[in-house]
Amino acid sequence: MGALGKDFIEWQTSVMELERRGEEFARRIADLEKENELLQQRLLENEQGSGFDALSGLYDDGFHICPDQFGKPREEDCLFCLNFLHHKGRK
Ligand SMILES: [Zn+2]
């Protein structure tokens, strides 16, 4: 194989790598869009119904409701969120 053939293979490899990254990126965007949609839906419910119910629902769905990290996905219980729910719920 001549130098040209080698260049072609390298070029092909980087195109494939770019395609792979593009797909990964598109998937990540789709995930974010889904998440965003869910959040917007929740915010809408928040405007319509009881704010406290909407917030505790949001927390149950796995999102932060504490001011620091509001709307970010939550992997475990967050003390700030729980504290927030606790105080709001007592009113
Ligand atoms: Zn939190």
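Residues numbered from 1 in each chain as written. Predicted model: local features only at pLDDT ≥ 70, side-chain atom pairs only at ≥ 80, totals over all residues.

### Quick notes on the overall build of the protein chain
The helix and strand inventory of the protein chain stands at three helices and zero strands. Each helix (α) and strand (β) of the protein chain, taken in turn from the N terminus, gives the series α-α-α. The proportion of buried residues among the 91 residues of the protein chain is 7%. When contacts within the protein chain are restricted to residue pairs at least 6 apart in sequence, those whose partners lie at least 24 apart make up 18%. (Helix = DSSP H or I, 4+ residues; strand = E, 2+ residues; numbered from the N terminus. Buried ≥ 20, exposed ≤ 12 C-beta atoms within 10 Å, placed from the backbone. Contact = placed C-beta atoms within 7 Å.)

### A few points about the nonpolar core
In terms of nonpolar packing, the biggest core is built from six residues, these being Leu55, Leu58, Phe63, Ile65, Cys81 and Phe84. When neighbours within four sequence positions are excluded, phenylalanine 84 is seen to be in contact with Ile65 and Cys66. (Core = buried A, V, L, I, M, F, W, Y, C linked by C-beta atoms within 7 Å.)

### Points about the environment of glutamate 76
Here glutamate 76 is to be found in the loop between α2 (51–60) and α3 (79–90). Between the C-alpha atom of glutamate 76 and that of phenylalanine 63, which follows or precedes it by 13 residues, the distance is 9.7 Å.

### Points about the confidence of the model for the protein chain
Summary statistics for the protein chain give a mean pLDDT of 86 and a share of 89% for residues scoring 70 or more. Per-element confidence in the protein chain is highest for helix α1 (residues 3–48), whose mean pLDDT is 88, and lowest for α3, whose mean pLDDT is 81. (pLDDT = per-residue confidence, 0-100.)

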